[in-house]
Amino acid sequence: MGAPVTRLEAPAALTGRSPAGKRRKQGGLIGETSGSHVGKSGFRAFLGALPFITPSFIGVAVFLVIPVIVLFVISFLNWNLLSPATLAGFTNYLNIFRFDDAAHSLGRTFYYVLLNIPLQTVVALALAVMLNSKRRGMGIYRILYVAPYLSTPVATAVIWYWVFDPKLGAVNALLSNIGITGPQWLSSPAWAMPVVAFVNIWQYVGYNMLFFLAGLQAIPKALYEAAEIDGAGPIRQFFRISLPLLNSTMLFVLVTGVIGSFQVFDTLYVLTQGGPGNSTEVLNLKIYQVAFTDFRLGEAAAMSVLLFGVILIFSIGQFLFFRNRTTYEYSA
Amino acid sequence: MSAAVESRTATRRAGEASSGLSASGRAVRIGLLYLILTVMALVFMVPYILTVFAAFKPISHIFSEPAWIPPHSLFLSNFRYDFVSGNFLRYLGNTALVTCVLTAGQVAFSIMGAYAFARLSFPGRDKIFWLYLMTLMVPNAVTIIPLYAMMREAHLLNTYWAIFLPYVLGAPYTIFLMRQFFRNIPQEVIDAARVDGCSEWRILARIVVPLSKPVIVTATLIAFVFGWNNFLWPLIVTNSPSHYVLTIGLANFQSNMNSQWNYSLAASVITLLPLAIIFGVFQRHIIRSISITQIR
């Protein structure tokens, strides 16, 4: 009984190849349409399909499409939940910059993304390269690295809060053992954000590693063999073969990472609540505070529109990139 | 086949010889690899281990000894306090209820939708599917305020319904994944059933679902973990302990009982343990699930 061997399905979109040679003709996300023939039978076909799509259609319409419209409407209102809403025009959009310092929150958000994403990506890639072999025990390491991704962020944040506690925490206890007085971590304006970023890196690095691992495993071995014959060492092989061929995986990991980081909330809520001062007051946290502690729904909605706009730039880019690619195929 | 493998190992050896790696050099390299991997594994696991230690310690030990000292005995008072005085039994029940309803609904309705998009042809199908895909670009964070306003208008605040309703009717991304899967089921199998007079519902239940176990397990795990871990949404729509879920209870605990780490860490264990059990049982599925979902 060896280590559990878990096969990662190589994603065709990331490699341009499909596993097990079972390639089917599929163009883009929609794929070829098997001629939805509208005619006499069209209405009956529609009625037949209706029960199947109605629940999810209501879900999509009521909980995803309408909220976007409602969001824009609220962003033009003065509304404190107690008295009836009044029209505010564009003043919310001005006020969030004049009085709520949305620019500061946006800046903090970018700072967080910057601390978070590059390091997370590099570590994920390094782990994937190390795990990309048939040696014993790799499956166990992989599972251990992924565990934080599935853990409840609120619970792990509570744990890290304790680990980074200046007096009781394991980090400073360890540091004092080697004669270093550790900083105040989450109570220090300079250190709070790096600690939050560290916690999120810890949480997501294994998840991103899986994508790099799948990407690496899809690279034809023959390329490395040829490179070896030509005398290229492992480092050269990494930079000349692996890295270029991981391009689309890299883009995917970066874009989803950035989109996710813009929405960070749970860990910050537990670890800092935006403090000390306002040093970790990222946009999503600010939105929550303005909406649900200040009850200024209009301004909070305007900030949400701002956040939406920033995220949309990234997700449209991702959407365009993946639209024309064969997506996931499964070799049963 | 075997000749190819042999020639491959031969080239490998030749390659290794040419890059000048001796056997001992390789052993050192492999040893180093395992060392780094193990150190990293420790970084990933240490917080959990310390937490389990602390959860079984009285507060005096947490204050007086380093976190890496294991508990002296199986001290259970922290858990007893959390469950009884801390209301965590209630939170656990609420979380389980809401998460199970959310998961069952999301999976079932996604299967139905995906089947229609993959296997039925009806006017407007592709346009509706595009609409679903477009909503993938709507971030969760952005819908929170309007959804809150809508729930308020519907007088659903502080109900179980409010917690799972936005997610229970199916998820576009899950539908997208399942549709891809359903499309790969051979047409002949489905045609044969249609010729035999099976209804579409029967085909879905008796043929498509049994053939699509991997993607359904994936969808179930995604929905369950999402529901269990969800925080911001239940935080906004619930305001009484009778409807709190674990994440809310835990966050409140943390801010109310400042340095009573024994209680909040035991509560973290309570929150994480069900996930850990699922993770242990389904670990292979989970790794595969994540790789299936990577086109997100």
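Residues numbered from 1 in each chain as written. Chains lettered and ligands numbered in written order. Predicted model: local features only at pLDDT ≥ 70, side-chain atom pairs only at ≥ 80, totals over all residues.

Looking at the overall build of chain B
What counts is decided by this rule: A run of DSSP states H or I qualifies as a helix once it reaches four residues; a run of E qualifies as a strand once it reaches two. Both are numbered from the N-terminal end. Note that the radius of gyration is over C-alpha atoms, with the globule rule given as 2.2 Å times the number of residues to the power 0.38. Exposure in this text rests on C-beta crowding, where 20 or more other C-beta atoms within 10 Å of a residue's own make it buried, 12 or fewer make it exposed, and counts in between make it partly exposed. The C-beta atoms are placed from the backbone. C-beta atoms are placed from the backbone for every residue, and two residues are taken to be in contact when these atoms lie within 7 Å.
Within chain B one finds 16 helices and zero strands. The C-alpha atoms of chain B give a radius of gyration of 26 Å, which is well past the 19 Å a tight globule of 296 residues would have. Its C-alpha atoms give chain B principal-axis dimensions of about 75 × 75 × 35 Å. Residues counted as buried form 44% of the 296 residues belonging to chain B. In chain B, the share of contacts with a sequence separation of at least 24, taken over all contacts with a separation of at least 6, comes to 77%.

Regarding the overall build of chain A
Per the secondary structure count, chain A includes 14 helices and two strands. When burial is assessed residue by residue, chain A has 44% of its 332 residues classed as buried. Long-range contacts, defined here as pairs at least 24 residues apart, represent 72% of the contacts in chain A between residues at least 6 apart.

Looking at the interface of chain B and chain A
Worth spelling out the cut-off: Here the term charged refers only to Asp, Glu, Lys and Arg, the term nonpolar to Ala, Val, Leu, Ile, Met, Phe, Trp, Tyr, Cys and Pro, and the term polar to all other amino acids, Gly among them.
Taken together, the contacts link 90 residues of chain B with 95 residues of chain A. A total of ten residues in the side of chain B that touches chain A trace back to one element, the largest contributor, which is helix 2 (residues 23-55) of chain B. Within the side of chain B that touches chain A, the residues separate by chemical class into 58 nonpolar, 23 polar and nine charged.

So, the confidence of the model for chain B
All names here are of chain B. Worth spelling out the cut-off: Scored from 0 to 100, pLDDT reflects the predictor's confidence in each residue.
When pLDDT is averaged along chain B, the result is 86, and 91% of the positions lie at 70 or above. Here residues 1-19 scores under 50 on pLDDT; set against residues more than four positions off or in separate chains, the count is twelve contacts. Among the scores for the predicted complex, ipTM is 0.86 and pTM is 0.84.

Observations concerning unusual backbone geometry
Residue and element names in this part refer to chain A. In this structure, proline 276 follows glycine 275 across a cis peptide bond, with omega equal to -10 degrees. Considering the arrangement of structural elements, one finds proline 276 in the loop between helix 12 (266-271) and helix 13 (283-292). Residues other than glycine seldom take positive phi values, yet aspartate 101 does so here, at roughly 55 degrees. In this structure, aspartate 101 sits in the loop between helix 3 (91-98) and helix 4 (102-131). Phi at tryptophan 185 is positive, roughly 50 degrees, even though this residue is not glycine. Along the chain, tryptophan 185 turns up in the loop between helix 7 (170-177) and helix 8 (192-217). Using a count of 22 C-beta atoms within 10 Å as the deciding quantity, one classes tryptophan 185 as buried.

Digging into the nonpolar core
Counted only if it meets this: What makes a nonpolar core is a set of buried Ala, Val, Leu, Ile, Met, Phe, Trp, Tyr and Cys residues, with links drawn between C-beta atoms within 7 Å.
Of all hydrophobic cores here, the largest spans 167 residues; its most connected members are A:Met303, A:Leu307, B:Tyr115 and B:Ile145. A per-element tally of this core places helix 8 of chain A first, with 17 residues.

Focus: the packing of helix 5 (residues 88-119) of chain B against helix 12 (residues 213-229) of chain B
Residues and elements named next belong to chain B. Put simply, the rule reads: Every axis in this analysis is a line fitted to C-alpha atoms, fitted for helices over the stretch in contact. Angles between the N-to-C directions lie between 0 and 180 degrees. By definition, any crossing whose near helix is turned counterclockwise from its far helix by less than a right angle is left-handed, and any crossing with a clockwise turn is right-handed.
One can describe the packing of helix 5 onto helix 12 by two numbers: an axis separation of 9 Å at closest approach and a directional angle of 145 degrees. Along this stretch, helix 5 crosses helix 12, giving a crossing that reads as right-handed. Contact with helix 5, carried on its side by Thr95, Val98, Thr99, Leu102, Thr103, Gln106, Val107, Ser110 and Ile111, involves Ile216, Ala219, Thr220, Ala223, Phe224, Gly227 and Trp228 of helix 12 and no other residues of that element. Broken down by class, the residue content of the contact of helix 5 with helix 12 amounts to nine nonpolar, seven polar and no charged.

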